[in-house]
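Residue strings, one per chain:
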Amino acid sequence: MCAGMGGFLPAMKQIGNVAGLPGIVGRSVGLPDVHSGYGFAIGNMAAFDMDDPEAIVSPGRTAFFRSRPRRHFGRGTSFV
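All values derive from a computational prediction rather than experimental measurement.

What about the overall build of the chain?
Looking only at helices and strands, the chain features 1 helix and 4 strands. Counting every position in the chain, which comprises 80 residues, the buried fraction comes to 15%. Accessible surface for the chain amounts to roughly 6,300 Å². Of this, 59% is attributable to carbon and sulfur atoms.

In structure tokens form, the structure reads like this:
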């Protein structure tokens, strides 16, 4: 890995891997803040044909932390 590339190069490989998944429609796209994740890169977008019985279903991980209940700290301040 090149110095200073962090999770970028592994993310490029993950984007390529997603492009080969069954049922993909169009392209596997990496957003500007892409970095490596678990399977899908964080910031990787792809659409899948749900009518294709071979297609995969990948639950979106982008809203994972937003689904937790809010914790309140003091007046008018909340953190997720």
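Some points on helix α1 (residues 8-19)
Taking 1.5 Å of rise per residue, 12 residues should cover 16 Å, and α1 covers 17 Å from first to last C-alpha, within 8% of that figure. Looking at α1, one finds that the buried residues are A11, Q14, I15 and V18. Burial along α1 is one-sided: seen end-on, the buried residues are contained in an arc of 105°. As for α1, its buried residues are in contact with β1 (24-35) and β2 (42-48).

Digging into a nonpolar patch on the surface
There is a patch of nonpolar side chains on the surface, built from F8, L9 and M12 and spanning about 230 Å² of accessible area. Relative to the elements of secondary structure, M12 occurs in helix α1. The exposure class assigned to M12 is partly exposed, which follows from its relative accessible area of 34%.

Focus on the environment of G7
In this structure, G7 sits in the segment before α1. G7 sits 27 residues away from V34 along the chain, and the two C-alpha atoms are 8.1 Å apart. When sequence neighbours within four positions are dropped, the list of residues in contact with G7 reads H35 and S36.

With respect to the pairing of β2
Pairing analysis gives 5 bridges linking β1 to β2, with the strands arranged antiparallel. Within β2, the residue paired with I24 across the bridge is F48. As consecutive antiparallel partners, β1 and β2 are separated by 6 residues, and within that stretch G39 has a phi angle of approximately 90°, a positive value.

As for the confidence of the model for the chain
Averaged over every residue, the pLDDT of the chain is 75; the share at 70 or more is 64%. Per-element confidence in the chain ranges from a low mean pLDDT of 43 for strand β4 (residues 78-79) to a high of 92 for α1. Between residues 62-68, whose pLDDT stays under 50, and residues either more than four places distant or in other chains, the model counts 3 contacts.

A look at the environment of A47
Tracing the backbone through its elements, the reader meets A47 in strand β2. The spatial distance from the C-alpha of A47 to the C-alpha of V57 is 9.7 Å, given a sequence separation of 10 residues. Apart from the residues lying within four places of it in its own chain, the contact partners of A47 are G23, I24 and V25.

Scoring rules and cut-offs
Residues numbered from 1 in each chain as written. Predicted model: local features only at pLDDT ≥ 70, side-chain atom pairs only at ≥ 80, totals over all residues. Heavy atoms only, no water. Helix = DSSP H or I, 4+ residues; strand = E, 2+ residues; numbered from the N terminus. Buried < 20%, exposed > 50% of the residue type's maximum accessible area, 1.4 Å probe, protein only. Areas by Shrake-Rupley, 256 points an atom, 1.4 Å probe, with all protein chains shown as cover. Expected span 1.5 Å × (residues − 1). Arc of directions from axis to C-beta. Contact = heavy atoms within 4.5 Å. Patch = residues over 30% accessible without salt bridge, like charges linked within 9 Å, V, L, I, M, F, W, Y side chains within 5 Å. Salt bridge = Lys/Arg side-chain N within 4 Å of Asp/Glu carboxyl O. Pairing = 2+ DSSP bridges. pLDDT = per-residue confidence, 0-100.

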